[in-house]
Amino acid sequence: MKDIGYKIVYAVFYVLSLLPLRVMYVVSDLLFPIAYYVVRYRRHIVRSNLQTSFPEKSPAEILHIEKRFYHWFLDYFFETIKLLTISSERLLQHLEFRGADQIAARFDQGQSCAAMLGHYGNWEYLSATALSLPTHPDAVMGLIYHPLRNKAFDRLFIALRERHGGTCIPKKDILRYLVGYRRDHTMSLFGYIADQSPKWDSIHLWLDFLHHDTPVFTGAERIIRKMSNAVYYVDMERPRRGKYIFTFRELTLDPQSLEEHALTRKFFVLLEESIRRDPACYLWSHARWKRTHEEYDRRVREGLIKNR
């Protein structure tokens, strides 16, 4: 039954992905009024996140960003599904990778790399990073992911993420794989989406991020320091529909030389800069600030949080 469910889901999205991207954008525009005015998908969360992140903006400006976000979010869905059938040559016409030569240089020196990014732009397109490094065809271009509860959709996303050279590794297994790659002298570049909301027991750091006292995920930094990776921030830009620019900005070549949490702090400063440049392309529908410092302190006092 599981295979049948997957084949049905895959077939539906495969047929949809055969549409030209320009047609997909037309469909996206047609769906916008339904998603925004009828379904109103998480609009209360989006509105609240925007208002508290940009208190300096007027209601009209917030509304403008909100609508642009929903346009982008629908585009993101169709762009991602397009990965199932678009050729690598065609995909590269929509993508530009800047600074990939830095990654190649570290590989030449025998040092694997890590890329830190947020839920900004179309992060799924980074699964095609291997296309920007043709001189290192044996290097592993890895994507760390949290398996979806729906197994059919989980297999679907693995398929589209691996189609253009990506390698999907479940989050719980990542350290074991990285140690294996290092043992085998296999170069790797793994992407860490580092702006997830940590669970209560996993909160080790609070930062000022977009005018919020924000609990942040530090697991990426701990793994990167352990593996001594060269680290880059992926700055994403979307200058127009159908075009993404990914710029690899060096954070450090020696993460162990930095103080604890310095890497995470650097990442969030740069992510906020990206968001403020074009706020509409951030994932505002996520309830990112549902955990408060006050509630955290209360749980600590009552002994409900053990991992300290």
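Each remark here, short or long, concerns the structure printed above.
Structure report, in brief. (Residues numbered from 1 in each chain as written. Predicted model: local features only at pLDDT ≥ 70, side-chain atom pairs only at ≥ 80, totals over all residues. Heavy atoms only, no water.)

## Description of the overall build of the chain
Line of reasoning, step 1. For the chain, the helix and strand inventory stands at eleven helices and nine strands.
Line of reasoning, step 2. What you see for the chain is a C-alpha radius of gyration of 20 Å, in line with the 19 Å of a compact globule of 308 residues.
Line of reasoning, step 3. Counting only C-alpha atoms, the chain reaches 50 × 50 × 45 Å along its principal axes.
Line of reasoning, step 4. Every one of the 308 residues in the chain was classed for burial, and the buried ones make up 52%.
Line of reasoning, step 5. Carbon and sulfur atoms form 55% of the exposed surface of the chain, whose accessible area is close to 15300 Å². (Helix = DSSP H or I, 4+ residues; strand = E, 2+ residues; numbered from the N terminus. Rg over C-alpha atoms; globule rule 2.2 N^0.38 Å. Buried < 20%, exposed > 50% of the residue type's maximum accessible area, 1.4 Å probe, protein only. Areas by Shrake-Rupley, 256 points an atom, 1.4 Å probe, with all protein chains shown as cover.)

## Digging into the packing of helix H2 (residues 21-39) against helix H4 (residues 59-82)
Line of reasoning, step 1. Across the interface, H2 lies against H4 with an axial gap of 9 Å and an inter-helix angle of 135 degrees. Considered as vectors, H2 and H4 are oriented oblique to each other. Of the two elements, H2 crosses H4, and the hand of that crossing is right-handed. Together, Leu21, Met24, Tyr25, Val27, Ser28, Asp29, Leu31, Phe32, Ala35, Tyr36 and Tyr37 of H2 and Leu63, Glu66, Lys67, Tyr70, His71, Leu74, Asp75, Phe78, Glu79 and Lys82 of H4 make up the contact between the two elements.
Line of reasoning, step 2. Across the contact of H2 with H4, the residue classes tally to 13 nonpolar, two polar and six charged. (Axes fitted to C-alpha atoms, helices over the stretch in contact; angles between N-to-C directions. Parallel < 35°, antiparallel > 145°, perpendicular 65-115°, else oblique. Left-handed = near helix turned anticlockwise from the far one by under 90°. Contact = heavy atoms within 4.5 Å. Nonpolar A, V, L, I, M, F, W, Y, C, P; charged D, E, K, R; others polar.)

## Some points on helix H10 (residues 262-277)
Line of reasoning, step 1. A rise of 1.5 Å per residue sets the reference length of H10, with its 16 residues, at 22 Å; its end C-alpha atoms lie 23 Å apart and thus fit the reference within 8%.
Line of reasoning, step 2. Three or more residues of H10 are buried, namely Leu263, Thr264, Phe267, Phe268, Leu270, Leu271, Glu272, Ser274 and Ile275.
Line of reasoning, step 3. Tucked into the core, H10 has its buried residues touching strand S2 (113-117), strand S6 (206-209), helix H9 (219-227), strand S8 (230-240) and strand S9 (243-252). (Expected span 1.5 Å × (residues − 1).)

## Quick notes on the packing of aromatic side chains
Line of reasoning, step 1. Applying the stated criterion across every chain yields a total of 30 aromatic pairs.
Line of reasoning, step 2. With centroids separated by 6.3 Å and ring planes inclined at 40 degrees, the aromatic side chains of phenylalanine 209 and tryptophan 289 adopt a geometry described as tilted. Here phenylalanine 209 is found in strand S6, whereas its partner tryptophan 289 is found in the loop between H10 and helix H11 (293-301), with 80 residues between them in sequence.
Line of reasoning, step 3. Under the relative-accessibility criterion, phenylalanine 209 is labelled buried at 1%.
Line of reasoning, step 4. The class for tryptophan 289 is buried, based on a relative accessible area of 13%.
Line of reasoning, step 5. Each member of the aromatic cluster is reached from another via a ring pair, and the members are Phe32, Tyr36, Tyr37, Tyr41, Phe69, Tyr70, Trp72, Phe73, Tyr76 and Trp123.
Line of reasoning, step 6. Stacked on the ring of tyrosine 36, the Lys or Arg arginine 43 has its end atom at 4.1 Å from the ring centre.
Line of reasoning, step 7. It is arginine 155 that lies over the ring of tyrosine 6; its NZ or CZ is 3.9 Å from the centre. (Phe/Tyr/Trp six-rings, centres within 6.5 Å; stacked < 30°, edge-to-face > 60°. Lys NZ or Arg CZ within 6 Å of the ring centre and 35° of its normal.)

## Looking at the sheet that holds S9
Line of reasoning, step 1. The sheet built from seven strands is open, its strands ordered S1-S9-S8-S2-S5-S3-S4 with mixed pairing. Of all strands in the sheet, those with a lone pairing partner are strand S1 (95-98) and strand S4 (166-170), marking the two edges. The sheet shows a mean angle of 30 degrees between the axes of neighbouring strands, taken without regard to direction.
Line of reasoning, step 2. The pairing of strand S3 (residues 140-145) with S4 spans five bridges and is parallel. If you follow tyrosine 145 over to S4, its bridge partner there is proline 170. (Pairing = 2+ DSSP bridges.)

## Details of the pattern of salt bridges
Opposite charge on two side chains permits pairing when their charged atoms draw close.
Line of reasoning, step 1. Counted according to the given criterion, the structure contains 21 salt bridges.
Line of reasoning, step 2. Between aspartate 75 and arginine 238 there is a salt bridge whose closest N-O contact spans 3.1 Å. Here aspartate 75 is found in helix H4, whereas its partner arginine 238 is found in strand S8, with 163 residues between them in sequence. Comparing aspartate 75 with arginine 238 shows no difference in burial state: the two are buried.
Line of reasoning, step 3. For arginine 241, the salt bridge goes to aspartate 75, with nearest N and O atoms at 2.8 Å. Here arginine 241 is found in the loop between S8 and S9, whereas its partner aspartate 75 is found in helix H4, with 166 residues between them in sequence.
Line of reasoning, step 4. The exposure class of aspartate 75 is buried, given its relative accessible area of 2%. (Salt bridge = Lys/Arg side-chain N within 4 Å of Asp/Glu carboxyl O.)

## A word on unusual backbone geometry
Leaving glycine aside, a negative phi is the common case for residues, and trans is the common case for peptide bonds.
Line of reasoning, step 1. At leucine 210, a residue that is not glycine, the phi angle is positive and equals roughly 55 degrees.
Line of reasoning, step 2. Mapped onto the secondary structure, leucine 210 falls in the loop between S6 and strand S7 (212-215).
Line of reasoning, step 3. Although it is not a glycine, histidine 261 sits at a positive phi angle of roughly 75 degrees.
Line of reasoning, step 4. Locating histidine 261 in the fold gives a position in the loop between S9 and H10.

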